[in-house]
Amino acid sequence: MKERVLIAGAGPVGLVAAANLVRRGVPVTVLEAGTDLGAESRASTFHPPTLDMLDDLGVLQPLIDQGLIAPKFQYRSRDGVMATFDFAVIADATRHPYRLQCEQSKLTRVLLKKLMGYPNFEIVFSSPVRGVTAIAGGAEVAIDRGGTTETHSYPWVIGADGARSAVRTALGIPFEGFTWPERYLVVSTPFDFTKVIPDIVSVSYVADPERWFFLLQIPGLWRVMFRVAAEESDELALSEPFAQKLMAGIVPGIDRYEIAHTTLYRVHQRVAETYRKDRVLLIGDAAHVNNPLGGMGMNGGIHDAINLTERLAAVWHGDKRDEELDRFDKQRRLITKAHVQTQSIQNKKNLENPAEFQERLRGIAADPQRTYDYLLNVSMIGSLRQAATLG
Ligand SMILES: Cc1cc2nc3c(=O)[nH]c(=O)nc-3n(C[C@H](O)[C@H](O)[C@H](O)COP(=O)(O)OP(=O)(O)OC[C@H]3O[C@@H](n4cnc5c(N)ncnc54)[C@H](O)[C@@H]3O)c2cc1C
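For the structure given in this document, a descriptive report is provided here. What you are looking at is a predicted structure, and each value in this text was computed from that prediction instead of being measured.

For the rest of this paragraph, the subject is the pattern of salt bridges. Scanning the entire structure with this criterion turns up 26 salt bridges. Glu310 is paired through a salt bridge with Arg24; the nearest N and O atoms lie 2.9 Å apart. Taken as a pair, Glu310 in helix H8 (residues 297–316) and Arg24 in the loop between helix H1 (12–22) and strand S2 (28–31) lie far apart in primary sequence, 286 residues in all. Looking at Glu310, the relative accessible area reads 34%, which means it is partly exposed. In this structure Arg24 comes out as partly exposed when scored by relative accessible area, which is 33%. Between Asp234 and Arg183 there is a salt bridge, with its nearest N and O atoms 2.4 Å apart.

Another point: the packing of H1 against H8. Contact geometry for H1 and H8: axes closest at 8 Å, N-to-C directions at 30°. Considering their axes alone, H1 and H8 lie roughly parallel with respect to each other. For the element pair H1 and H8, the recorded crossing hand is right-handed. Between H1 and H8, the contacting residues are Pro12, Val13, Val16, Ala17, Asn20 and Leu21 on the first element and Met298, Gly301, Ile302, Ala305, Ile306, Thr309, Glu310, Leu312 and Ala313 on the second.

Counting 71 residues, the largest nonpolar core has Ile7 and Phe46 as the members making the most contacts within it. When near neighbours in sequence (up to four residues on either side) are disregarded, Ile7 contacts Gly14, Ala17, Ala18, Leu21, Val28, Thr29, Val30, Leu31, Ile158 and Ala160. If you look at the next biggest cluster of nonpolar residues, it comprises 32 residues, including Val203, Trp212, Tyr265 and Phe357.

This part takes up the packing of aromatic side chains. Considering all chains together, one arrives at 16 aromatic pairs under this definition. Here the aromatic rings of Tyr75 and Phe85 are separated by 6.3 Å at their centres, their planes lie at 75°, and the arrangement is edge-to-face. In this pair, Tyr75 is assigned in strand S5 (residues 72–77) and Phe85 in strand S6 (residues 80–86), connecting sequence segments 10 residues apart. Measuring from ring centre to ring centre gives 5.2 Å for Tyr205 and Phe214, while their planes differ by 50°; the resulting arrangement is tilted. A single burial state applies to Tyr205 and to Phe214, both of which are buried. Through a chain of ring-to-ring contacts, three or more aromatic side chains come together here, namely Phe73, Tyr75, Phe85, Phe87, Tyr205, Phe214, Phe357 and Tyr374. The lysine or arginine in question, Arg99, covers the ring of Phe73, its NZ or CZ lying 5.2 Å from the ring centre. Lying over the aromatic face of Phe175, Arg168 brings its terminal NZ or CZ to 3.6 Å of the ring centre.

What counts as what
Residues numbered from 1 in each chain as written. Predicted model: local features only at pLDDT ≥ 70, side-chain atom pairs only at ≥ 80, totals over all residues. Heavy atoms only, no water. Salt bridge = Lys/Arg side-chain N within 4 Å of Asp/Glu carboxyl O. Helix = DSSP H or I, 4+ residues; strand = E, 2+ residues; numbered from the N terminus. Buried < 20%, exposed > 50% of the residue type's maximum accessible area, 1.4 Å probe, protein only. Axes fitted to C-alpha atoms, helices over the stretch in contact; angles between N-to-C directions. Parallel < 35°, antiparallel > 145°, perpendicular 65-115°, else oblique. Left-handed = near helix turned anticlockwise from the far one by under 90°. Contact = heavy atoms within 4.5 Å. Core = buried A, V, L, I, M, F, W, Y, C linked by side-chain atoms within 4.5 Å. Phe/Tyr/Trp six-rings, centres within 6.5 Å; stacked < 30°, edge-to-face > 60°. Lys NZ or Arg CZ within 6 Å of the ring centre and 35° of its normal.

What follows is the structure in structure tokens.
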């Protein structure tokens, strides 16, 4: 048995887990299926409490240096601004009252650089985990190394291997939920929307019953995410004329954009039936997936990673019994269901029903206490506080 924690997957969630364990003196091996860290353009919004956690890990400043601080976000309709919210309102609840707009591929690189400075850390690329079997005092892990299967045993295994998690599958843990019939198309452009929409802020959601979308600014680019109807084929959705047609709907009179890249995603709402089976634990997309409205997938995954590794480090050092890890499962799984799943589905409905949404926004904006509570929830501080009450 190797006296190390094994983490499958070097995505943002697996590497945050690794960083929190090694700084607490727990030796970690990360196995990554890819030949290098992922470069895909996916999450680009970090919420205030996530920034607090990354700050504690000592990796926030280099991320801020490569990102863009967004103190406000707004909802718009085709007619203009519906409401703008300022995170300064919750400055007493976080050390970072803003969103950071920065791609997740920047975080994984910053984390890996930090981790390489720890002698008790190792990472092995091109090593997909293929199987996990519970054994006495740990788990046996089958690893594919260039076509040959190696088997090693570890006292603890963390599955941070993404939505198609081999760890979750090997343990036979059901991934309950559904897949939306529509897909999402992300179109990135260097076009500067602030020049033509002067009151726009870096995070803007545009409600529309037919074709809602949202605009997210990252350094040098705007990412625009559109809904693609079930009857529109992947081939059509990925064609340049299709992207240009959707983009032409943003600002009247501008019908041609420079497009840096387009990506099409299928979107699911699913939660694993359990996040713990004996000495194997699931975090991040391996444990839950949701639509990207509200930017809660990676953020929630990082919250899982911190919740789990704080407890696992205490168990490793003999300061807590392993039942402590059941609290991780309970807190994070129930909170994902109650907050992330419910809220991300509601966020989608809001954008599809601008009139109803406008009414609700008016009520929230008119009441300082409701505005405060709303911002706590949107920034995921509400979910973390509720998790802590679950015992
Ligand atoms: C378009 C889009 C926009 C998004 N925007 C946001 C946002 O703004 N904010 C937000 O919070 N979330 C967002 N998300 C969700 C976010 O991208 C994911 O929740 C996040 O990537 C989850 O991180 P993870 O580390 O759990 O999994 P992943 O990022 O999927 O990483 C898993 C890692 O495991 C590796 N791996 C896979 N299988 C194996 C195996 N068998 N063995 C070893 N390694 C393996 C993979 O190669 C990968 O490196 C967005 C998603 C999409 C698609």
